[in-house]
Amino acid sequence: MEFEEYDFTRNPLVQNQVFYLESKCAFCGFSIVAHSIEELVELEQLHRAACRRSDPAA
Ligand SMILES: [Zn+2]
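Owing to the predicted nature of the structure, the values given are computational and were not obtained by experimental measurement.

K.L.:
I would appreciate a short explanation of the overall build of the protein chain in the present structure.
P.N.:
Summing up its helical and strand segments, the protein chain has one helix and three strands in all. The order of α-helices and β-strands along the protein chain, N terminus first, is β-β-β-α. Across the 58 residues of the protein chain, 5% fall into the buried class. Counting contacts in the protein chain only where the partners sit at least 6 residues apart, residues at least 24 apart contribute 7% of the total.

Structure, rendered in structure tokens:
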């Protein structure tokens, strides 16, 4: 799996004793919340593709 320079900033969060992972796109600021690293990686990949499509200058 390849990561671009602008990639995501990941933060582990605990709320009501439930573990979450938050990931923020460093390019557009879009925030993703997932319950597992596998889910987070999948959502990041989806967003990465959408993020590129929405910015013709990238
Ligand atoms: Zn983005």
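Next comes the rest of the account.
K.L.:
What am I meant to see in the confidence of the model for the protein chain here?
P.N.:
Interpretation of this model should avoid reading the predicted coordinates in detail wherever pLDDT is low. On average, residues of the protein chain carry a pLDDT of 85, and 81% of them reach 70 or more. Mean pLDDT per element in the protein chain: helix α1 (residues 37-53) is the minimum at 90, and strand β3 (residues 31-34) is the maximum at 95.

K.L.:
What am I meant to see in the pairing of strand β1 (residues 8-15) here?
P.N.:
Each regular strand displays side chains that alternate between the two surfaces of the sheet. Two elements, β1 and strand β2 (residues 18-25), share eight bridges in a ladder whose sense is antiparallel. Bridge pairing links Pro12 to Leu21 in β2.

K.L.:
When you look at unusual backbone geometry in this model, what are you seeing that I'm missing?
P.N.:
Residues other than glycine predominantly adopt negative phi, and peptide bonds predominantly adopt the trans conformation. Even without being glycine, Asn16 reaches a positive phi, approximately 55°. Inspection of the secondary structure assignment puts Asn16 in the loop between β1 and β2. Take Asn16: there are 4 C-beta atoms within 10 Å of it, and that puts it in the exposed class. A positive phi angle, close to 60°, is found at Gln17, a residue other than glycine. Here Gln17 shows up in the loop between β1 and β2.

Cut-offs and rules
- Starting afresh in each chain, residues are numbered from 1 along the sequence in its written order.
- For a predicted model such as this one, the threshold for reporting local features is a pLDDT of at least 70, and the threshold for listing and counting side-chain atom pairs is 80 or more; totals across whole chains, interfaces and linings nevertheless cover every residue.
- Helix numbering and strand numbering both begin at the N terminus, where a helix is a DSSP run of H or I of at least 4 residues and a strand a DSSP run of E of at least 2.
- Backbone-placed C-beta atoms define the burial measure: a residue is buried with 20 or more other C-beta atoms within 10 Å of its own, exposed with 12 or fewer, and partly exposed in between.
- For every residue pair, C-beta atoms are placed from the backbone, and the pair is scored as a contact if these atoms sit within 7 Å.
- Scored between 0 and 100, pLDDT is the confidence that the predictor attaches to each residue.
- Here, a strand pair is defined by DSSP locating no fewer than two bridges between the strands.

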